[in-house]
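Listed below, chain by chain, are the residues.
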Amino acid sequence: MSDIALATRSPVAAIMQAVLDSVGSEHTRRAYERALSEFFVWHEKQGRPKLERPVVQRYVSFLRGEGVPPSSINQRLSAIRRMVREAVENGALSNEIASGIISIQGAQRRGKRAGNWLTKDEAQELLRKPNVNRRKGLRDRAILAVLIGCGLRREEAAGLTLAHIQQRDGRWVIVDLLGKRNKVRSVPMPNWTKSALDAWTRTAGIIDGAIFRAMDKGGKVAGETLTAQAIRNVVVFYSSMISKDVAPHDLRRTYAKLAHKGGSALDQIQLSLGHDSIKTTETYLGVDQDLTDAPCDHIGLQL
């Protein structure tokens, strides 16, 4: 860093490991590891200068010049800030230099990011792509059904167990699901998603534990769990078959969009998604004030 000048790979590896050990989310760990690896590649090409505020500012300018979106620039800055804090804790960087780097302003976002999602027809087509005559196809269809039908994050789907699936008030519900920031929620499940899960677990002989599991090339269950990355790979593979570029979070957004268009109340979508604020759900859906069909038009009173 400023004192060690990032001169060798060993201190770099040590600092990176300290950063990765300091975050709890597997998704954040992957993002930080990728961001820091890319930064160190750039830093190496610059002749390994001492890590100071002007160096990081040059890196941010480089990213802008490469057309990197503001959200990605800010994520990489977050990783660098975390790295700088860890360097201070390990005595590799002074507080003064660290403060200068941490105070670097992130890239401004202009407008709202609409995100990616599927139409109803596209979602239906995606669900029909897995070959359900094969065990793997049944598993993959069940994965897609849970992501679209319940709006789960990929980490939540990876951790889903048979014990989570219970009946409440005459319907199937994912009960006490542990989500982001260790927040617990329950999510209603449509019958078609439950049918997809039953077809998979019955064929695979799964009677307890994790629902989604790794498989070998012969189509046999080969592990106790399935990773969040493997779930992402499933989504990417089948979405390419319908000529769409979507990730698991886009299927979560698809769930919200289709539910909202179908007439579901915003507060119910909020609860199912696990958002702390309904404003987050409104932003997520891209909801704007409708002046042609406003809520007041449905009150039904007159003078």
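Because the structure is a prediction, the values reported are computed rather than measured. (Residues numbered from 1 in each chain as written. Predicted model: local features only at pLDDT ≥ 70, side-chain atom pairs only at ≥ 80, totals over all residues. Heavy atoms only, no water.)

Student: Go over the overall build of the protein, please, and point to the residues and values.
Tutor: A count of helical and extended segments in the protein gives 13 helices and three strands. As presented, the protein carries roughly 17,000 Å² of accessible surface, and 48% of it is formed by carbon and sulfur atoms. (Helix = DSSP H or I, 4+ residues; strand = E, 2+ residues; numbered from the N terminus. Areas by Shrake-Rupley, 256 points an atom, 1.4 Å probe, with all protein chains shown as cover.)

Student: Break down unusual backbone geometry for me, with residues and values.
Tutor: Residues other than glycine seldom take positive phi values, yet D169 does so here, at roughly 55°. Mapping D169 onto the fold places it in the loop between β1 (165–168) and β2 (171–178). Judged by relative accessible area, which is 84%, D169 ranks as exposed. Within the chain, D176 stands out as a residue other than glycine whose phi angle is a positive 55°. By the secondary structure assignment, D176 is in strand β2. (Buried < 20%, exposed > 50% of the residue type's maximum accessible area, 1.4 Å probe, protein only.)

Student: Can you tell me about helix α5 (residues 95–102), naming the residues and giving the values?
Tutor: Within the span of α5, buried status applies to A98, G100 and I101. Seen along its axis, α5 keeps its buried residues to an arc of 160°; they face one direction. Of the exposed residues in α5, the ones pointing more than 90 degrees away from its buried face are N95 and E96. Against α3 (53–65) and α4 (70–89) lie the buried residues of α5. (Arc of directions from axis to C-beta. Contact = heavy atoms within 4.5 Å.)

Student: I'd love a proper account of the confidence of the model for the protein, names of residues and values included.
Tutor: Detail in the predicted coordinates should be disregarded across regions flagged by low pLDDT. On average, the protein scores 85 in pLDDT, and the residues at 70 or more come to 87%. This stretch, residues 1–9, has a pLDDT under 50; its non-local contacts, to residues over four places away or in other chains, come to 29 contacts. (pLDDT = per-residue confidence, 0-100.)

Student: An account of helix α10 (residues 228–241) is needed here, citing residue identities and associated values.
Tutor: Over its 14 residues, α10 extends 21 Å from the first C-alpha to the last, a length consistent with the 20 Å expected when each residue adds 1.5 Å. Turning to α10, its buried residues are A228, I231, V234, V235, Y238 and S239. Looking straight down α10, one finds its buried side chains confined to an arc of 120°; they lie on one side. For α10, the elements touching its buried residues are α6 (120–127), α7 (135–150), α8 (154–158) and α11 (248–261). Directly beyond the C-terminal end of α10, a positive phi value near 60° is found at S243. (Expected span 1.5 Å × (residues − 1).)

Student: Now, about the environment of V235: what can you tell me, with residues and values included?
Tutor: Relative to the assigned elements, V235 resides in helix α10. Overall, the relative accessible area of 0% leaves V235 in the buried class. When near neighbours in sequence (up to four residues on either side) are disregarded, V235 contacts L144, L147, V246, A247, P248 and L251.

Student: Describe the pairing of β1, naming the residues involved and giving the relevant values.
Tutor: Bridge count for β1 against β2 is four bridges, and the pairing is antiparallel. The residue bridging Q166 from the neighbouring strand is V173, located in β2. In sequence, β1 turns back onto β2 through a hairpin of two residues, with D169 there showing a positive phi of about 55°. (Pairing = 2+ DSSP bridges.)

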